[in-house]
Each structure stands twice: as C-alpha cells, then as structure tokens.
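# Breakdown of the fold
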Amino acid sequence: MWYQGRIVHGFVWFCYITRMKPLVLLLLISQSLLAQDRVSLFRKLDSVSADTMKVQYLEKIAQSYMKEDIDSAKIFARRGVGLAVKSNYQMGAMAMWNLVGIAHFWRSEYDSATLYFNKTYQIALELDNRKVQGVLLNNLGLIYNYQADYDTAALLLSQARRIREEINDPALASTLNNLGVVYNGLNYLDESLHYYKQSAALKESNNQRRSLSNTYNNIGIILKKQEKYDSALVYYQKALKLAVEFNDKPKESNAQNNLAILWNKVDSTQVDKITGHYQRSIELKRALGYNVALFNSLNNYASFLSDHGRHSAALAAIEEAAAIQEKIGENLHTYKHYLAKSSVLEGIGRYSEAIEAMRSALDVRFQEISKDHNEKIVEMEKKYEVSKKEAEIVRLSLENQLVTSALETTRLVQFTIGSTLLLFIIFLTVYFRQRSRKMETEKKAQSLQLEAMQKRFIELHASPADLAVALDYGQLNEKLYTPLTEREFEALKLSIEGKTNAEISDVLHISVSTVKFHLRNTFSKMGVKNRKEAFRNVLNAV
C-alpha cells in the first residue's frame, strides 16, 4: 500500500532527526527486503489455483506480518485455516492454527492462545507429528509460566523436553532454558541453574550463539541470587559480548543494566565502569522505546549517582523517570520511583521533600497491597462458584443414572441420600448455631473487658497533668526495649480512648494509612498484637 511506504519513510526520518542513526540504515534495508519478499508471495498466491498451495503461501505471508502487524498476521492465518479445512489439508490446518495461536500469544491474549494451541496439538496427535507436539507443549508451557502457574508450566515443558530428546530436536535447548525460567519462578534455584547450564551446553555444541546470550544472562541472574557474584559477572559479560556481536540491542541493554547493578554490589568504587554500563543501557532503552525498563534503570542510576555525590545528574535522571512514570501509571512503578526520589533528595539535604516522597511511596504500597488482597478474594469467590457448578453437574449426572435404574433401587437411594443430607444439614445448623452463640458470648465478654480497661485508662488520665506527662515519657517507655515516639504515643492514646483510625487521622491531621503505620510500630515495640493487649500493657505501666 502507498501509505505504508510513507509511514516507513516518515519513521526513518524521525530516527534520523532524533540521532538514532545506527537504526536508519538497518530499517531501510529490512523494510525494503521485506516488502519485496511480500510482494513476491502475493503474486505467487494469486498465480496458484490449488488450495494446498494457497495455504502454504498464506502461511509465509502471515509469518512475514507477525512481528510488525499482528492483526494482519491473524487475518491471513485465519484465511489459511479456512482453505485448509475446506480442502481437508491437515498439515496446513495444523500450521495455520499454530500461527493464530502465536498471534494471540504475542498480544498477551493467553486464553485464546491456549485454545488455538490445543487445537493444533490435537491435529499433531492425529498426524503423529512429534516435532510439532514438542513445539505446542513448549508454547503452552510458556503461557502458563507467564500466568504464574508454574506447576502446570513445569509439567508441560517436561513433556516437551522428553519428546525433543527422543527425536533429537535442536529446539531442546530452548525448552531447557524455559524450564530454568519456570524453576526460577518456583524459587528452586539449584534446579533452575541446572536446566540453564544444560541449555547453554547444548547451544554451544549446536552453535546456537544468537540465543546463547539470553541463557548466559539467565545463569547470571541465578548466580546473583545465590550471592556468587564473581561467577555471575563472568556470565553477564559473556551475555554482553554475544549481544554486541549479533547487534542485539534488547539483550545488550539488559546485560548492561545487569552488569551495572552487580558491579555496584561487588565493588561500588568502580564508579566510571558502573556509570558506563548504566548510560549505555539507558541509551539503548531510549532508542528501543522500552519505557518500563528505562524507568527502572533511571531510578537505579539516580540512586547510584546520589550515593556517590553526583546530585545534579541524579536529579536529571529522576526527572526523566518522572516523565516516563506518568505514561506507565502503575502503582508498583510509582512506588519504585518515589523510593528512588526520596533517596536522591535525602542525599542533597532536601529532607522535607525526601520525607514527602517516602510517604507517597508508603501510601502507594498500601494501596497495592489492598488491591492484591481484593483480587485474591475475587479469585477465591470465582473458584467457589466454579466448584458449586461442578458439584451441581455431578449431582445432575448421578440423578440421570439413577432414573435408568430399577424404581425400588432409585427410591431407596434417593431416600438414603435425602436422609443423609437432612442429617448433615441438621448437624451443620446445630453446630453453627452453637458456634454463633459461643462467639456472641465471647464478644460480649471481650466488650465488657475492653470497656473496663477504657474506664480504667480514662480514670488514670483524669489525674493531674504532671502525672500524665510522667506516664507518657517515663513509666511506659521505661518498660519498653524501644521507646515510643511522641507521635506513636499520641496515636496509641487516642486508640485506647476508643477512637477509630479515621477519627485519629482527623485529630492528628495525618492520613489513615499513616495512623495504621504508627499503630503497627507501637504494637511491635510493645510486643502486642492488638489494641486489647496494648490496653493491658498501658495499665501495667501505671
């Protein structure tokens, strides 16, 4: 299309004026070659009449669109599926369904991808195509890994490994690397390192050097977690060397960032070396448009610069990160940014702003934790509904079987089931009623005890002001290993008087989350778990 050419040339001009010169020539050449190949494929597609040949050309066309226009790739893949099914061309249908699954996978549409990969896998089983079975099991394992279902991912990838070992498939190295990723997710570091090293050895022997950089980097990550820093540095440097050799910008940016972080941990006096790694990683991520990765690198770089007294450069990095953060807008990234900002501002002596940044970080973190809990509750509710539906399906199935049996047997079974259910319901009703009464009794007793403690505390604090001050700073703190701050004592005092967190927030002119923060610190210092136990400690201190 004419407009596609204009878009390409417009983007090339953008690369040029923004000084991304190394990308310009590569983009021109790759787009030109790709366009020529695609035109040739379309001509061949129009020139053939057999559906099987059309499917083969549609497969190649869909593949050519996969990394630049996924929607177009899906359109041509689905067209190929239709022709393959129409002509009963099983091999073609298998290839095209797989491409549809891959397109959904690249879009992170994992449910749809799983559906189409399973369709492809069924065809591969019918055709006894072991190679494609290995591919599909590997792909399904990756999907479950991205969804953090590591147990299922490990099972599928182990099946893929077994098949690829049996047929001596060179792609076995990729599956071993993926198993390393899964076991890293499970935090089984020794197993993860074992699979990564197996993958690296296979790639070295098969001369699969281009993908070897990624495996070296993964090995470095595990060794870093195991605090084997010198060995981790060796693998990160290997990963960087291969990334540069193949001009793989994403992998180079990743390796540069990892080396910067690790050198800072191993020998933070290597300021110039660490700075060089950070700057190169940031430069590459800017050019690639990797906003999330760039944001994280800028925050880490700012903290590093601040620690070494380069405050103006640290502020510049924080400001750039702040601009990117507005695009991201996720609480986790906001939390990381505020932490880095607080560190930088503290380093240059702007303490009030540093405190404000830290408070913002804590507020965001509390919101994120609350969101996670709510999501877990929703997930459990969904599981509960699913289990209810499954139980209902089982019940209806049993009833259908019973109808086909003899009438007397059916009546006996129904009577037995009904009696059992009735007894069970009666048992549960009695049990929960007794439990409810017990809980109400305990609650009333606790309420009376709490009211008595509050009256006692109020009586104590009704004494002269000098006695109250002595209690605040003398009697109570003398019995604590770590004394309470004045703010923590104020929050505790209001809490014991029966005020809610919101009311304490209004009195002290602070946020509710800050009130909770002070109370948690207070309870920790007092060695108690809740307000009731805190009342007792205060009374003992009188």
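First, a word on scope: everything that follows refers to the structure included in this document.

How each quantity is defined
- Residues numbered from 1 in each chain as written.
- Predicted model: local features only at pLDDT ≥ 70, side-chain atom pairs only at ≥ 80, totals over all residues.
- Heavy atoms only, no water.
- Helix = DSSP H or I, 4+ residues; strand = E, 2+ residues; numbered from the N terminus.
- Buried < 20%, exposed > 50% of the residue type's maximum accessible area, 1.4 Å probe, protein only.
- Contact = heavy atoms within 4.5 Å.
- Areas by Shrake-Rupley, 256 points an atom, 1.4 Å probe, with all protein chains shown as cover.
- Core = buried A, V, L, I, M, F, W, Y, C linked by side-chain atoms within 4.5 Å.
- Axes fitted to C-alpha atoms, helices over the stretch in contact; angles between N-to-C directions.
- Parallel < 35°, antiparallel > 145°, perpendicular 65-115°, else oblique.
- Left-handed = near helix turned anticlockwise from the far one by under 90°.
- Salt bridge = Lys/Arg side-chain N within 4 Å of Asp/Glu carboxyl O.
- Expected span 1.5 Å × (residues − 1).
- Polar contact = N/O pair within 3.5 Å; in protein donor to acceptor, adjacent residues only side chain to side chain.

Let's shift gears to the overall build of the protein. On a plain count of helices and strands, the protein comes out with 24 helices and zero strands. By the burial criterion, 37% of the 542 residues in the protein qualify as buried. Of the contacts made within the protein by residues no fewer than 6 positions apart, 53% connect residues no fewer than 24 positions apart. Working note: accessible area of the protein is about 32,000 Å², and carbon and sulfur atoms make up 55% of it.

Let us look at the nonpolar core. With 42 residues, the main nonpolar core has Met96, Phe105 and Phe117 as its most contacted residues. At eight residues, helix α5 (residues 90–106) tops the list of elements feeding residues into this core. Apart from residues lying up to four places away in sequence, Met96 is in contact with Val55, Leu58, Glu59, Phe76, Ala77, Gly80 and Val81. Among the nonpolar cores identified, the runner-up in size contains 39 residues, and Tyr236, Leu240, Leu259 and Leu262 belong to it.

The angle between the axes and the distance between the axes are what describe a pair of packed helices. Axis separation between α5 and helix α6 (residues 110–127) bottoms out at 8 Å; the angle between their running directions is 160°. The angle between the axes of α5 and α6 places the two elements in the roughly antiparallel class. Here α5 runs over α6; the crossing is left-handed. Contact residues: Gln90, Met91, Ala93, Met94, Trp97, Asn98, Val100, Gly101, Ile102, His104 and Phe105 in α5; Tyr110, Ser112, Ala113, Tyr116, Phe117, Lys119, Thr120, Ile123, Ala124, Glu126 and Leu127 in α6.

Using the criterion set out here, one finds 13 salt bridges in the structure. One salt bridge connects Glu245 with Arg209, and the closest N-O pair in it is separated by 2.6 Å. Note that Glu245 is positioned in helix α12 (residues 229–245) and Arg209 in helix α11 (residues 209–225), a separation of 36 residues in sequence. Since its relative accessible area comes to 32%, Arg209 is described here as partly exposed.

Looking at where Lys241 falls in the secondary structure, it is placed in helix α12. On the basis of relative accessible area, Lys241 is assigned to the exposed category, the value being 63%. Taking the C-alpha atoms as reference, Lys241 lies 9.1 Å from Ala255; in sequence the two are 14 residues apart.

Now for the environment of Lys251. Secondary-structure assignment places Lys251 in helix α13 (residues 249–266). When the C-alpha positions of Lys251 and Asn214 are compared, they lie 7.0 Å apart, and in sequence the two are 37 residues distant. Excluding residues within four positions of it along the chain, Lys251 makes contact with Arg210, Ser211, Ser213, Asn214 and Ala243.

What follows concerns helix α9 (residues 172–185). Helical periodicity: at 3.6 residues per turn, an α-helix aligns residues three or four positions apart in one direction. In this model α9 runs 20 Å from its N-terminal to its C-terminal C-alpha over 14 residues, within 8% of the 20 Å that 1.5 Å per residue would give. Counting buried positions over the 14 residues of α9 gives 11, a clear majority of the element. Among all positions of α9, only Leu172, Ala173, Thr175, Leu176, Asn177, Asn178, Leu179, Gly180, Val182, Tyr183 and Asn184 are buried. If you follow the buried residues of α9, they end up packed against α7 (130–146), α8 (150–166), α10 (189–205) and α11.

This paragraph deals with the side chain of Asn218. Position of Asn218 among the secondary structure elements: in helix α11. At a separation of 3.1 Å, a polar atom in the side chain of Asn218 contacts the side chain of Asn177. Once residues lying within four places of it in the same chain are set aside, the contact partners of Asn218 are Asn177, Val181 and Tyr196.

Bringing unusual backbone geometry into the picture now. For Asp128, which is not glycine, the phi torsion reads 55° and is therefore positive. Inspection of the secondary structure puts Asp128 in the loop between α6 and α7. Given the relative accessible area of 56%, Asp128 is considered exposed. Although it is not a glycine, Asn187 adopts a positive phi angle of roughly 65°.

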